[in-house]
Amino acid sequence: MSNQEAFEKIAEELAALGVVGSKMFGMPVWKLEGKALGGPWQDDMVFKLDGAVLEKALKLPGAKQFDPMGGRPMKQWVQLGPDHQDKWLHFAEAAAKGLLKETG
């Protein structure tokens, strides 16, 4: 499954939480209450995470901080390749729950 197909499927899965598809950073993203929580980037998927979930994601082989412009990685954003596609929904859910916690 392409990351665009995965993006759409995850959007459907998270719709009950209020997640919607949108555009930001020149790419499709999921948003919750107007804040981006992730989306496809090249062949990968990126997620806005925090705390232990962020640390867990960054420990996966090939995972890295999202750095779309080169030289300025985004602190809370992690980029996961297609070999972690089976974990994309999990991290999208974690990102949504993290935003829900922030907005309380």
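Within any chain, residue numbers begin from 1 and follow the written order of that chain's sequence. Thresholds applied to this predicted model are a pLDDT of at least 70 for local features of residues and 80 or more for the giving and counting of side-chain atom pairs; totals over whole chains, interfaces and linings are not thresholded and use all residues. Side-chain metrics in this entry use all non-hydrogen atoms of the structure; hydrogen atoms and water are not considered.

J.: Just to check I follow, could you spell out the environment of Glu-8 for this structure?
T.: Examined against the element boundaries, Glu-8 turns out to sit in helix α1 (residues 3–14). Separated by 92 residues in the primary sequence, Glu-8 and Leu-100 have C-alpha atoms spaced 21 Å apart. Counting from the N terminus, the helices are DSSP H or I runs at least four residues long and the strands are E runs at least two residues long.

J.: Mind showing me how you'd approach the pattern of salt bridges here?
T.: Oppositely charged side chains are able to pair whenever their charged atoms sit close together. Throughout this description, the term salt bridge denotes a Lys or Arg side-chain nitrogen within 4 Å of a carboxyl oxygen of Asp or Glu. Enumeration over the complete set of coordinates arrives at one salt bridge. Measuring nitrogen to oxygen at the nearest pair gives 3.6 Å for the salt bridge that ties Asp-86 to Lys-87. Relative accessibility decides the category of a residue: with a 1.4 Å probe and only protein chains considered, values under 20% of the type maximum give buried, values over 50% give exposed, and everything between is partly exposed. Relative accessible area serves as the criterion here: at 63%, Asp-86 is assigned to the exposed category. Overall, the relative accessible area of 27% leaves Lys-87 in the partly exposed class.

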